[in-house]
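# Examination of the molecular architecture
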Amino acid sequence: MTREEESQIKEENRRIRYLRFLVDFSILSIQQNDLLLADAFKLMEDVKRVACSLFPGKEETFELIYRPRFNRVIQERFGQQWETGEAS
């Protein structure tokens, strides 16, 4: 393995760790902070935007891995309000 390949692997691992941290921190924020439902959805979309900038072309991966996790946390936090679509 060349130094360039090692450097690319290290950079990708750094981006993966950063995304994990961002997702975990955002989910904790939804769970613990006094956010409105609309703010929780905005936070999820902001994280998605960052994920897509870190990993271009991987939007589907976000939708498969992270959106269900966010949706579960938002549903747990907002319950009936989330189910009826009252995002204000």
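Residues numbered from 1 in each chain as written. Predicted model: local features only at pLDDT ≥ 70, side-chain atom pairs only at ≥ 80, totals over all residues. Heavy atoms only, no water.

### As for the overall build of the chain
Check the secondary structure of the chain and you find four helices and zero strands. The helix and strand sequence of the chain, counted from the amino end, reads α-α-α-α. With the C-alpha coordinates aligned to their principal axes, the bounding extent of the chain is approximately 55 × 25 × 15 Å. Taken across its 88 residues, the chain has 27% of its residues classed as buried. Counting every atom, the chain has about 6,200 Å² of accessible surface; 52% of that belongs to carbon and sulfur. (Helix = DSSP H or I, 4+ residues; strand = E, 2+ residues; numbered from the N terminus. Buried < 20%, exposed > 50% of the residue type's maximum accessible area, 1.4 Å probe, protein only. Areas by Shrake-Rupley, 256 points an atom, 1.4 Å probe, with all protein chains shown as cover.)

### So, the packing of aromatic side chains
Counted under the stated rule, the structure contains three aromatic pairs. Their ring planes at 20° and their centres at 5.9 Å tell us that Phe 21 and Phe 25 sit as a pair that is stacked. Note that Phe 21 and Phe 25 are positioned in helix 1 (residues 3–32) at a spacing of four residues, about one turn of the helix. The burial state of Phe 21 is the same as that of Phe 25; both residues are exposed. (Phe/Tyr/Trp six-rings, centres within 6.5 Å; stacked < 30°, edge-to-face > 60°.)

### Some words on the packing of helix 1 against helix 2 (residues 37–54)
At a minimum axis separation of 10 Å, helix 1 and helix 2 run at an interaxial angle of 180°. When the interaxial angle is binned, helix 1 and helix 2 end up roughly antiparallel. In this structure, helix 1 uses Arg 15, Tyr 18, Leu 19, Leu 22, Val 23, Ser 26, Ser 29 and Ile 30 to contact helix 2, whose residues at the interface are Ala 40, Leu 43, Val 47, Val 50, Ala 51 and Leu 54. (Axes fitted to C-alpha atoms, helices over the stretch in contact; angles between N-to-C directions. Parallel < 35°, antiparallel > 145°, perpendicular 65-115°, else oblique. Contact = heavy atoms within 4.5 Å.)

### Concerning the pattern of salt bridges
One pass over the full model with this rule turns up nine salt bridges. Here Glu 11 and Arg 15 are joined by a salt bridge, their closest N and O atoms 4.0 Å apart. Placement of the pair is Glu 11 and Arg 15 together in helix 1, with a separation of four residues, close to one helical turn. What makes Glu 11 partly exposed here is its relative accessible area of 33%. Asp 24 is the partner of Arg 69 in a salt bridge, and the nearest nitrogen-oxygen pair spans 2.6 Å. Note that Arg 69 is positioned in helix 3 (residues 59–78) and Asp 24 in helix 1, a separation of 45 residues in sequence. The exposure class assigned to Arg 69 is partly exposed, which follows from its relative accessible area of 28%. Take Asp 24: its relative accessible area is 36%, and that puts it in the partly exposed class. Salt bridges here are not isolated pairs; linked through shared partners, they connect Glu 45, Lys 48, Glu 59, Glu 63 and Arg 67. (Salt bridge = Lys/Arg side-chain N within 4 Å of Asp/Glu carboxyl O.)

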